[in-house]
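As a plain string of letters, each chain reads:
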Amino acid sequence: MSVPGSFYLTVAAVLFTIGAVGLLLRRNVLVMFMCVELMLNAVNLTFVTFARMLNDIGGQSLVFFVMVVAAAEVVVGLGIIVAIFRRRTNATADDLHILKG
Amino acid sequence: MLAVTHYADWIVFVIASLVVLSGALGVVTASHPVHSALFLIQTLFGVAVLFVAQGAHFLAAVQVIVYAGAIVVLFLFVIMLLGVDRREQVAAEQLKGQRPAAIVLAAVGLAELVLLARSNSWATGALSVGGAADGPGSNVEKLGRSLFSTYLLPFEITSALLVIAVVGAVVLARSPVRLSPDEQAAAAEEELAEQEQASLAAEREDATS
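Residues numbered from 1 in each chain as written. Chains lettered and ligands numbered in written order. Predicted model: local features only at pLDDT ≥ 70, side-chain atom pairs only at ≥ 80, totals over all residues.

Caption draft 1: Region of the structure containing the overall build of chain B. Secondary structure summary: chain B contains eight helices and zero strands in total. Per-residue burial over chain B gives 20% buried out of 209 residues. Across chain B, contacts joining residues at least 24 apart in sequence account for 52% of those joining residues at least 6 apart. (Helix = DSSP H or I, 4+ residues; strand = E, 2+ residues; numbered from the N terminus. Buried ≥ 20, exposed ≤ 12 C-beta atoms within 10 Å, placed from the backbone. Contact = placed C-beta atoms within 7 Å.)

Dropping the structure here:
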């Protein structure tokens, strides 16, 4: 007896929401970044679920691309964080107001 | 024993879902970034189990190797390198009204998503457009066939993306160009001259006004 796809979709929706709430509530840039990873994983889970529900391997191929883009995003994002916070000691998003007019 | 094998799918699903969601809550609520990263590993493993439960074996392996093995280690490295491994006052609210607004928005979004997940009228409902996911052959074989035929061009473009990301990371993380002593002296002199000119200009402006 296999689990219906809607259950997986619901878990993915809850995971995405937790990630979004974390992104809105946390101020540590690194933790915000991890919350973005949570949201990406929720979307990956949705893709795999649809690949099973619609019997289509294309969903899994898309997850592959999402993972590649996520890896590139993490590398560049962490590079930016390191470049910004090399001179600062605290890493909260509230301290980043360089662009403030 | 029969009942256990009968409900094996459900048992795996429930346990993996609990692991995923508790890990996600841990990421959001942990006050220490290192704890958040460890909870993130927990979530990623749970998602890998859900992948296996749905027949995506290759993606589950990639999930563990790339996400839990590489990306989280990168996070931990940055946490250690920057020395930002200090606690954050999670309870303190800096922007007034942000927290209730965020939770209300999240609840609305979650309700919409769950409503959509419950409905059966997803998209066109067309089956196996990009090739069947079941049938004979392993998951790796079918995914490889799909990537190297239907998605060949996007697959090649990801190589360019990765090279660009590597170059970007190197440029961003590079320490500023170090000047030789002579050049440093010259730069300091130039700066002094500029400052003098600026102060002269300011004095002139004062005099005219």
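Caption draft 2: Local environment of the overall build of chain A. What chain A contains, in helices and strands, is three helices and zero strands. The order of helices and strands in chain A, counted from the N terminus, is α-α-α. Taken against the 2.2 N^0.38 rule, which gives 13 Å for 101 residues, the C-alpha radius of gyration of chain A at 17 Å runs more than 25% over that of a compact globule. Seen along its three principal axes, the alpha-carbon backbone of chain A occupies a region of about 55 × 25 × 25 Å. Every one of the 101 residues in chain A was classed for burial, and the buried ones make up 57%. Partitioning the contacts of chain A with sequence separation of at least 6, the portion at a separation of at least 24 is 49%. (Rg over C-alpha atoms; globule rule 2.2 N^0.38 Å.)

Caption draft 3: A look at the interface of chain A and chain B. Each partner contributes to the interface: chain A provides 63 residues, whereas chain B provides 69 residues. Looking at the side of chain A that touches chain B, the elements with two or more residues in it are helix H1 (5-25), helix H2 (29-53) and helix H3 (58-85) of chain A. Counting residues per element, the side of chain A that touches chain B draws most heavily on H3 of chain A, at 21 residues. In terms of residue class, the side of chain A that touches chain B is built from 43 nonpolar, 14 polar and six charged. (Nonpolar A, V, L, I, M, F, W, Y, C, P; charged D, E, K, R; others polar.)

Caption draft 4: How the structure looks around helix H6 (residues 139-149) of chain B. Lys 142, Leu 143 and Ser 146 of chain B are the residues of H6 of chain B that are buried. The buried residues of H6 of chain B all sit within an arc of 95° when viewed along its axis, so they share a single face. Turned more than 90 degrees off the buried face of H6 of chain B, the exposed positions are Val 140, Glu 141, Phe 148 and Ser 149 of chain B. Where the residues of H6 of chain B are buried, they touch H3 of chain A together with helix H4 (57-82) of chain B. (Arc of directions from axis to C-beta.)

Caption draft 5: Structural view of the confidence of the model for chain B. This prediction gives chain B a mean pLDDT of 84; 87% of its residues lie at or above 70. Across the interface, the model reports ipTM at 0.91; the global pTM reads 0.82. (pLDDT = per-residue confidence, 0-100.)

Caption draft 6: Just the nonpolar core, in detail. With 68 residues, the main nonpolar core has Ala 12, Leu 15, Met 34 and Leu 45 of chain A together with Val 27 of chain B as its most contacted residues. Sorting the residues of this core by element identifies H1, H2 and H3 of chain A together with helix H2 (8-29), helix H3 (33-53), H4, helix H5 (98-118) and helix H7 (152-173) of chain B as the ones contributing at least two each. The element that contributes the greatest number of residues to this core is H2 of chain A, accounting for 15 residues. Each of two domains, domain 1 (7-89) and domain 2 (136-174) of chain B, supplies a minimum of three residues to this core. When neighbours within four sequence positions are excluded, Met 34 of chain A is seen to be in contact with Val 27, Ser 36, Ala 37, Leu 40 and Phe 75 of chain B. (Core = buried A, V, L, I, M, F, W, Y, C linked by C-beta atoms within 7 Å. Domains from an automatic or database assignment.)

Caption draft 7: Up close: unusual backbone geometry. Residue and element names in this part refer to chain A. Not every positive phi belongs to a glycine, and Asn 55 is a case in point at roughly 50°. Relative to the helices and strands, Asn 55 is located in the loop between H2 and H3. Among the residues examined, Asn 55 registers 16 C-beta atoms within 10 Å and is labelled partly exposed.

Caption draft 8: Structural view of the packing of H3 of chain B against H4 of chain B. Residues and elements named next belong to chain B. H4 packs onto H3 with a crossing angle of 175° between their chain directions and a minimal axis gap of 8 Å. By the angle between their axes, H3 is roughly antiparallel relative to H4. Taking contact as the criterion, the partners of Pro 33, Val 34, Ala 37, Leu 40, Ile 41, Leu 44, Phe 45, Val 47, Ala 48, Phe 51 and Val 52 in H3 are, on H4, His 57, Leu 59, Ala 60, Gln 63, Val 64, Tyr 67, Ala 68, Val 72, Phe 75, Leu 76 and Ile 79. Of the residues in the contact of H3 with H4, the class split is 20 nonpolar, two polar and no charged. (Axes fitted to C-alpha atoms, helices over the stretch in contact; angles between N-to-C directions. Parallel < 35°, antiparallel > 145°, perpendicular 65-115°, else oblique.)

Caption draft 9: How the structure looks around the environment of Val 73 of chain B. By secondary structure assignment, the location of Val 73 of chain B is in helix H4. For Val 73 of chain B, a count of 12 C-beta atoms within 10 Å gives the class exposed.

Caption draft 10: Looking closely at the environment of Phe 33 of chain A. Note that Phe 33 of chain A resides in helix H2. Along the sequence, Phe 33 of chain A and Gly 19 of chain A sit 14 residues apart, while their C-alpha atoms lie 9.7 Å from each other.

Caption draft 11: Looking closely at the packing of H2 of chain B against H3 of chain B. Residue and element names in this part refer to chain B. H3 packs onto H2 with a crossing angle of 155° between their chain directions and a minimal axis gap of 8 Å. Taken as axis vectors, H2 and H3 run roughly antiparallel relative to one another. In the crossing of H2 with H3, the sense of the turn from one axis to the other is left-handed. Contact residues: H2 offers Asp 9, Val 12, Phe 13, Ala 16, Val 19, Val 20, Gly 23, Ala 24, Gly 26 and Val 27, while H3 offers Ser 36, Phe 39, Leu 40, Gln 42, Thr 43, Phe 45, Gly 46, Val 47, Val 49, Leu 50 and Ala 53. (Left-handed = near helix turned anticlockwise from the far one by under 90°.)

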